[in-house]
Amino acid sequence: MSGNGNGHVNGNGNGHAKLPWPLARMPLTPRLAVVGLGYWGPNLVRNIQEMPDAELVAVCDMREDALETIARRYPAVTTTTSFDDIVEDDGIDGVVIATPVSTHHPLALKALNAGKHVFIEKPLAASSEEARELMATADERGLVLMPGHTFLYSPPVNAIRELIASGDIGEVYFISTSRVNLGLHQADVSVAWDLGPHDFSILRYWLGETPRHVSAMSRNCVMPDIPDVAFINLEFPSGTIAHVELSWLAPSKLRRTTIVGSRKMIVYDDTSNEPVRVFDRGVDLPNPETFGEYQLTYRAGDIVSPHVPAAEPLFLELSDFCEAIRTGEEPRSSAEIGLDVVRIIESVDASLEADGARVGVAEATAGPT
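All chains use their own residue numbering, which begins from 1 and follows the written sequence. pLDDT decides what is reported in this predicted model: residues at 70 or higher carry local features, side-chain atom pairs at 80 or more are listed and counted, and totals for whole chains, interfaces and linings draw on all residues regardless. Side-chain measures were taken over the full set of non-hydrogen atoms in the model, leaving aside hydrogen atoms and water.

**Things to note about the side chain of His 198**
Only DSSP runs of H or I with at least four residues qualify as helices, and only runs of E with at least two residues qualify as strands; both kinds are numbered from the N terminus onward. Inspection of the secondary structure puts His 198 in helix H8 (residues 196–207). When residues no more than four places from it in sequence are discounted, the contact partners of His 198 are Lys 122, Phe 151 and Arg 179. By definition, residues are in contact when any of their heavy atoms lie within 4.5 Å.

And the structure:
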């Protein structure tokens, strides 16, 4: 196995449905290995080390200095530069992959074929074809395949999902999101592949449906052929529309989403001390007294900030991965959601290649109930 400063490793090769387990092991305390110690890998290592129901037994990266840092901090953890050491170790139950997108498919496929459960940081794969092959392999072998869509475990995101599911905000008219910052520019993927999975997975989770149509525009401002800003429009079967703004080139960090419903509106600000605010605001259209006479009524009621418990989403996400290994329950961040996110990004790329044309997202998948 080899890697680079981004945790690069080279290798060969809905609802709560039960996974087929005849060929899979079901350890009470899954023994895990982390592959890739770039930007996100150390966070995975730290959280697994803190989990009472999992054991970190090995880490893998090409860079000796990165391995030495982990070895000093966690001397009981085995370090290696060989991915084969990981997949050939019968004492390892699951592999947690945090490497560049182009390596997700070959590494995950090799791990699955070796009988390992696999967690892959978003996105699941570099194409829907690759994602489907990984899903088929995991299904055949009775193994967990879980994409790392961390925001599905965020307490504010789940509080909003409950508000939407309860009908409290009424019909969801539209959603507008902004996820911008100055950096971090990626050399191998566009801003849509890097930041888009966050918002696409959240929308898929909230609405329980995949968009039918996508249109997008972008620009390569800094690096040739690498879009660092994108404006994306999504149209859902229910009638909801969404606008997603993504950028690595902004004066300040912004993580803000507005959800407008027929009864209430929500503002979700991931950087705020009050991440969820519910506005009892809207417009009512009463029956006209005479033909053609409409009098709009504007409603401006209370603003409520519901209590949202503090918890680290990554810890909850990895705990769900371990629970899926133990029980066979499908994780919240399912492979199906991971596939849908990849399909949405592919549709964004298709729209960009067609100068922003509206393109269809084929084979939309129903969401969890």
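**As for the pattern of salt bridges**
For salt bridges, the criterion is a side-chain nitrogen of Lys or Arg within 4 Å of an Asp or Glu carboxyl oxygen. In this structure the tally under the stated criterion is twelve salt bridges. A salt bridge links Lys 122 to Asp 194, with the nearest nitrogen and oxygen atoms 3.6 Å apart. Separated by 72 residues along the polypeptide, Lys 122 in the loop between strand S5 (117–121) and helix H5 (128–141) and Asp 194 in helix H7 (residues 191–194) bring together distant segments of the chain. Both residues of the pair, Lys 122 and Asp 194, count as buried. For the salt bridge of Arg 343 with Asp 340, the shortest nitrogen-to-oxygen distance reads 2.4 Å. Of this pair, Arg 343 and Asp 340 both sit in helix H10 (residues 335–353), three residues apart, which is roughly one turn of the helix. A residue is classified by how much of its surface remains accessible, and Asp 340, at 0% relative accessible area, is buried. Taken together, the shared-partner salt bridges in this structure form one network comprising Asp 53, Glu 323 and Arg 326. Whether a residue is buried, partly exposed or exposed follows from its accessible area with a 1.4 Å probe, protein chains only, as a fraction of its type maximum: under 20%, in between, or over 50%, in that order.

**Quick notes on the nonpolar core**
In these notes, a set of buried Ala, Val, Leu, Ile, Met, Phe, Trp, Tyr and Cys residues joined through side-chain atoms within 4.5 Å is what counts as a nonpolar core. Core analysis: the biggest nonpolar cluster contains 102 residues, and Val 34, Val 59, Leu 145, Phe 200, Trp 206, Ile 232 and Leu 234 have the highest contact counts within it. The leading source of residues in this core is H10, at eight residues. Among residues more than four places away in sequence, those in contact with Leu 234 are Phe 200, Leu 203, Pro 211, His 213, Val 214, Thr 240, Ile 241, Ala 242, Val 244 and Ile 344.

**Considerations on the sheet that holds strand S13 (residues 276–284)**
Strand order in the open sheet formed by nine strands is S14-S13-S12-S11-S7-S10-S9-S8-S15, and the pairing between neighbours is mixed. With partners counted over all chains shown, the strands left at the sheet margins are strand S14 (297–304) and strand S15 (359–360), one partner each. Strand direction decides the pairing type here: strand S9 (residues 229–235) and strand S10 (residues 241–247), joined by seven bridges, are antiparallel. Among the inter-strand pairings, Asn 233 is bridged to a residue of S10, identified as His 243. Between the N-to-C directions of two axes lies an angle of 0 to 180 degrees, each axis being a line fitted to C-alpha atoms and, for a helix, fitted only over the stretch in contact. H8 contacts strand S7 (172–180), S9, S10, strand S11 (254–261) and strand S12 (265–269) of the sheet and is inclined by roughly 160° relative to S7. The strands touched by H10 are strand S8 (213–219), S9 and S15; relative to S8, the strand with the most contacts, the crossing angle is about 60°. Each pair of strands is called paired provided DSSP finds at least two bridges between the two strands.

**Examining the sheet that holds strand S1 (residues 31–35)**
The sheet built from six strands is open, its strands ordered S3-S2-S1-S4-S5-S6 with parallel pairing. Every interior strand has two partners, whereas the edge strands, strand S3 (78–80) and strand S6 (145–148), have only one. With direction set aside, neighbouring strand axes in the sheet form an average angle of 20°. As judged from the five bridges shared by S1 and strand S2 (residues 55–60), these two strands associate in the parallel manner. Looking at the pairing, Ala 33 lines up with Ala 58 of S2.

**Observations regarding helix H2 (residues 64–73)**
What H2 keeps buried is the set Ala 66, Leu 67 and Ile 70. Buried residues of H2, viewed axially, fall in a sector of 95°; they line one side. Along its buried surface, H2 packs onto helix H1 (41–50), S2 and S3. Of all possible arcs, the one meant is that of the directions from the helix axis to the C-beta atoms.

**Here's the deal with the confidence of the model for the protein**
Atomic detail in the predicted coordinates should be set aside for any region of low pLDDT. Confidence scores here are pLDDT values: one per residue, from the predictor, ranging 0 to 100. Overall, the predicted model of the protein reaches an average pLDDT of 90, with 89% of residues at or above 70. In the predicted structure, residues 1–16 sits below a pLDDT of 50 and forms 66 contacts with residues beyond four places in sequence or in another chain. In the predicted structure, residues 363–369 sits below a pLDDT of 50 and forms 22 contacts with residues beyond four places in sequence or in another chain.

**Looking at empty space enclosed by the protein**
A 1.4 Å probe that fits into a set of points on a 1 Å grid over the protein atoms alone but cannot get out defines a cavity; an open set with protein on both sides within 12 Å along at least five of seven lines defines a pocket, and lining residues are those with an atom within 4 Å of a point. Grid points are joined across faces, edges and corners, and a volume is the space filled by probe spheres set on the points. In this structure, the largest cavity spans a volume of roughly 40 Å³. Looking at the largest cavity, the residues that line it are Ser 178, Arg 179, Asp 199, Arg 255, Arg 256, Thr 257, Tyr 268 and Asp 270. At the level of secondary structure, the elements contributing two or more residues to the lining of the largest cavity comprise S7 and S11. Broken down by element, the residue count for the lining of the largest cavity peaks at three residues, all from S11. By residue class, the composition of the lining of the largest cavity is one nonpolar, two polar and five charged. Amino acid classes used here: Ala, Val, Leu, Ile, Met, Phe, Trp, Tyr, Cys and Pro are nonpolar; Asp, Glu, Lys and Arg are charged; the rest, including Gly, are polar.

**Section: the packing of aromatic side chains**
What counts as a ring pair is set by centres within 6.5 Å for rings of Phe, Tyr and Trp (its six-membered ring), and what kind of pair is set by the plane angle: stacked under 30 degrees, edge-to-face over 60, tilted for all other angles. Overall, the coordinates contain three aromatic pairs when judged by the stated rule. Consider the ring centre and the ring normal. A charge sits over the ring if Lys NZ or Arg CZ is within 6 Å of that centre and within 35 degrees of that normal. Looking at Arg 179, its charged tip hangs above the ring of Phe 151, at a distance of 4.7 Å from the centre.

**What about unusual backbone geometry?**
Of note, the bond from Lys 122 into Pro 123 is cis; its omega dihedral lies within 30 degrees of zero at -10°. Tracing the backbone shows Pro 123 in the loop between S5 and H5. A cis amide bond links Gly 183 with the next residue in sequence, Leu 184, at an omega value of -5°. Relative to the helices and strands, Leu 184 is located in the loop between S7 and H7. Not every positive phi belongs to a glycine, and Asp 225 is a case in point at roughly 65°. By secondary structure assignment, the location of Asp 225 is in the loop between S8 and S9. Here Asp 225 falls in the exposed class, since its relative accessible area comes to 69%. Phi is positive for Asp 355, close to 60°, though the residue is something other than glycine. Relative to the helices and strands, Asp 355 is located in the loop between H10 and S15. With relative accessibility at 76%, the residue Asp 355 sits in the exposed group.

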